[in-house]
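# Chain and residue survey
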Amino acid sequence: MFVRVVSGAILGVESCCVEVEVDISGGLPVFDIVGLPDSAVKESRERVRAAIRNAGFTFPVKRITINLAPADIRKSGPAYDLPIATGILIGMGLITDGTDNAFFAGELSLDGAVRPVSGILPMVLEAKNNGTRQVFVAPENAAEAALVKGVEVYAVPDLAGLVQHFSGTRMPQFKAEVSPFSQNKSTYDVDFADVAGQMYVKRALEIAAAGYHNTVMIGPPGAGKTMLARRMPTILPDLLPEESMEITKIYSIAGLLNEKNLLMRERPFRTPHHTSSHISLTGGGRIPMPGEISLAHNGVLFLDEFPEFQRKALETLRQPLEDGEITIARTGGVSTYPSVFLLLAAMNPCPCGYSGTPRCTCSAPEIARYLDKISGPLLDRIDIQVEATSVEYAELQGAKKPAENSAAIKARVENARARQTARYVDGKTRFNAKMTAAQTKKYCKLGGNARDLLRNVFETMSLSARAYHKILKIARTIADLADTEEITIEHVAEAVSYRGLDRKYW
């Protein structure tokens, strides 16, 4: 008997439908799985055999062949347990009809219970696009699958419950208790008003948030670099529904969703430790998985103690910073993950952190080796370089003007983002930092004085073409924050002030 059941496979952050073809015929008892399965899929034979038997059914003593089509895509993970078992149960006559336009995914325990798997959201989205109307998954995956509108989701507790469902005792359709996205408002326990002083750095972070400009902060220990970085999400615009779905798909594949964190409603803020490897940052492994740069998609990747990261790990960031995606090639295939993130880095000026003061104990070669961990090409890709100086006593005591809160800064950032949204309505660009060369030429036109200033700076500082365009993009963002279309000499001068630390320290 021949049976076909629909499941899915993950390809990067997307999915493709997999047809689980089951053939049960006479002959010597054999249970084969073909169609480019990995070891976890091959082990399904023993899990499915035990699960069917322990669920109270008799496993057929026949020749069973399972084909996972298309056969040129590697299948990985235990998600095929449930569709394979379902196909066998149909072949045994225990399930007779109702599986047309149905999708199955889940791991089986040896007693027949259905366990959750990763990547349910992108798989169900693709299945819906291919005509699926019913989805059968583990109870822990049901809420995630129900995020996809237009399909009936059923939480399958075990194989016995699945057979009863198709025999007439139907399981209740799962209803997700997810509040409408329009009701989402990000709330944080931290605020920019908590940070005393550092007005220059706060201004730089405001510009970075408005135009999505990569930023590095350099300063002594205790100046407030990490404190400021952790408050960066409080001034970023709220997620759009389509951005939230993009992030949720990535976290689904990474297995980071749970009932309390079902739909990503806040921009990611990832802070990997400086001992992280290049694979953990970019993603990969034997079975490719998203790395930190993809988990930070549409959010912030904060690298504290920037020079302490492995140089190889930092150099792998160069291409994703430019392309907004990372392509990982492995023996099992090629996976592409989105990585449009705001890189925010913090570092000391020397190993001891007190360069230029009597407290510094570092020799010149030690400082040079420390700073050389940040290569010129990587530094050139960082738009804004800002110095965080030591905070004065009067600022800590609040004797000076109270610090501005995050809400006020966020309002200006959102206004600047609205201008960018209107400007790039016909293209794929969303932020000033991601403007193409043609867009930079079109939207960053300078007047005579501003043009003369930038020419003098370019020749005096021996800037690269990339640095030249980054100054124009920063100036465009500063003008947007000022709610004006014209880029003035003041805007260019401020943009230039954020490009000088590489000359001071490197």
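Preceding block: the structure.
Residues numbered from 1 in each chain as written. Predicted model: local features only at pLDDT ≥ 70, side-chain atom pairs only at ≥ 80, totals over all residues. Heavy atoms only, no water.

The next point concerns the overall build of the protein chain. Secondary structure summary: the protein chain contains 22 helices and 18 strands in total. The dimensions of the protein chain, computed from C-alpha atoms along their principal axes, are 85 × 45 × 45 Å. When burial is assessed residue by residue, the protein chain has 52% of its 506 residues classed as buried. Partitioning the intrachain contacts of the protein chain with sequence separation of at least 6 by distance along the chain shows that 74% fall at a separation of at least 24. Put simply, the protein chain shows about 22200 Å² of open surface, and 51% of that area lies on carbon and sulfur atoms. (Helix = DSSP H or I, 4+ residues; strand = E, 2+ residues; numbered from the N terminus. Buried < 20%, exposed > 50% of the residue type's maximum accessible area, 1.4 Å probe, protein only. Contact = heavy atoms within 4.5 Å. Areas by Shrake-Rupley, 256 points an atom, 1.4 Å probe, with all protein chains shown as cover.)

Before going further, it helps to examine the environment of A85. Examined against the element boundaries, A85 turns out to sit in helix α3 (residues 81-91). Judged by relative accessible area, which is 0%, A85 ranks as buried. Separated by 293 residues in sequence, A85 and L378 place their C-alpha atoms 51 Å apart. Leaving out residues up to four positions away in the same chain, A85 has contacts with V48, I52, L108 and L159.

Turning to the side chain of Q385, a few remarks are in order. The residue Q385 is located in strand β18 (residues 384-387) in this model. Polar contacts involving the side chain of Q385 include one to the main-chain amide nitrogen of L501, which spans 3.2 Å. If sequence neighbours within four positions are ignored, Q385 has contacts with V216, L379, S497, Y498, R499, G500, L501 and D502. (Polar contact = N/O pair within 3.5 Å; in protein donor to acceptor, adjacent residues only side chain to side chain.)

Our next topic: the nonpolar core. Counting residues in hydrophobic clusters, the biggest one holds 53 residues, and the most contacted among them are L205, M217, M232, L344, I384 and V492. In terms of residues, this core owes the most to one element, helix α20 (residues 465-481), which gives 8 residues. Once residues lying within four places of it in the same chain are set aside, the contact partners of I384 are A204, I207, A208, H213, N214, T215, V216, I474 and Y498. Counting 42 residues, the second largest nonpolar core, distinct from the first, contains V22, I95, L108 and Y154. (Core = buried A, V, L, I, M, F, W, Y, C linked by side-chain atoms within 4.5 Å.)

Once that is clear, we can look at unusual backbone geometry. A cis geometry characterises the amide bond from A69 onward to P70, with omega recorded as 5°. Relative to the elements of secondary structure, P70 occurs in the loop between β4 (63-69) and α3. Of note, S462 is a non-glycine position whose phi angle comes to about 55°, a positive value. One non-glycine residue, D483, adopts positive backbone phi at about 60°. Here D483 shows up in the loop between α20 and α21 (489-497).

The strand order across the open sheet built from 5 strands is β11-β14-β17-β10-β18, with neighbouring strands paired in parallel fashion. In the strand order of this sheet, the two ends are held by β11 (269-270) and β18, each with one partner. Sheet topology note: the β11/strand β14 (residues 300-303) ladder contains 2 bridges and is parallel. Each residue of the ladder has a partner; that of F269, found in β14, is V300. Across the face of the sheet, helix α7 (residues 199-211) comes into contact with β10 (215-218), β17 (342-347) and β18 while running at roughly 165° to β18. (Pairing = 2+ DSSP bridges. Axes fitted to C-alpha atoms, helices over the stretch in contact; angles between N-to-C directions.)

All right, on to the pairing of strand β9 (residues 152-155) then. Pairing of strand β8 (residues 134-137) with β9, which is carried by 4 bridges, proceeds in the parallel orientation. Bridging from a neighbouring strand, V137 pairs with A155 of β9. Note on the crossover from β8 through helix α5 (residues 139-145) to β9: the handedness is right-handed. (Right-handed = clockwise from strand over helix to strand, strands pointing away.)

Across all of its chains, the model carries 9 aromatic pairs by this definition. Measuring from centroid to centroid gives 6.0 Å for F269 and F302, while their planes differ by 20°, and the two rings are stacked. Of this pair, F269 sits in strand β11 while F302 sits in strand β14, and the two are 33 residues apart along the sequence. Judged by relative accessible area, which is 22%, F269 ranks as partly exposed. The exposure class of F302 is buried, given its relative accessible area of 1%. Arranged with centres 5.6 Å apart and planes meeting at 80°, the rings of Y424 and Y443 form a pair that is edge-to-face. With Y424 in the loop between α17 (406-423) and α18 (437-443) and Y443 in helix α18, the pair connects residues that are 19 residues apart, well separated along the chain. Ring pairing ties together the aromatic residues F104, F136, Y154 and F166, which thus form one cluster. The ring centre of Y354 lies 3.9 Å from the NZ or CZ of R359, which sits over that ring. The ring of Y443 carries R423 above its face, with NZ or CZ at 5.9 Å from the centroid. (Phe/Tyr/Trp six-rings, centres within 6.5 Å; stacked < 30°, edge-to-face > 60°. Lys NZ or Arg CZ within 6 Å of the ring centre and 35° of its normal.)

With that settled, the discussion passes to the packing of α7 against α20. Packing of α7 against α20 leaves a shortest axis separation of 9 Å and a crossing angle of 95°. Taken as axis vectors, α7 and α20 run roughly perpendicular relative to one another. Only I474, T477, I478 and L481 of α20 make contact with α7, whose side of the interface consists of R203, E206, I207, A210 and G211. The residue makeup of the contact of α7 with α20, split by class, is 5 nonpolar, 2 polar and 2 charged. (Parallel < 35°, antiparallel > 145°, perpendicular 65-115°, else oblique. Nonpolar A, V, L, I, M, F, W, Y, C, P; charged D, E, K, R; others polar.)

This paragraph deals with the side chain of S335. Tracing the backbone shows S335 in strand β16 (residues 333-338). Setting aside anything within four residues of it in sequence, one finds S335 in contact with G12, P288, I326, T327 and I328.

Turning our eyes to something else, we now look at the pattern of salt bridges. Per the stated rule, a full pass over the model turns up 31 salt bridges. Across the pair R4 and E19 runs a salt bridge, and its minimum N-O distance is 3.1 Å. With R4 in strand β1 (residues 2-11) and E19 in strand β2 (residues 14-25), this residue pair connects regions lying 15 residues apart in the sequence. Since its relative accessible area comes to 32%, E19 is described here as partly exposed. The residue E243 makes a salt bridge to R267 at a minimum N-O spacing of 3.0 Å. (Salt bridge = Lys/Arg side-chain N within 4 Å of Asp/Glu carboxyl O.)

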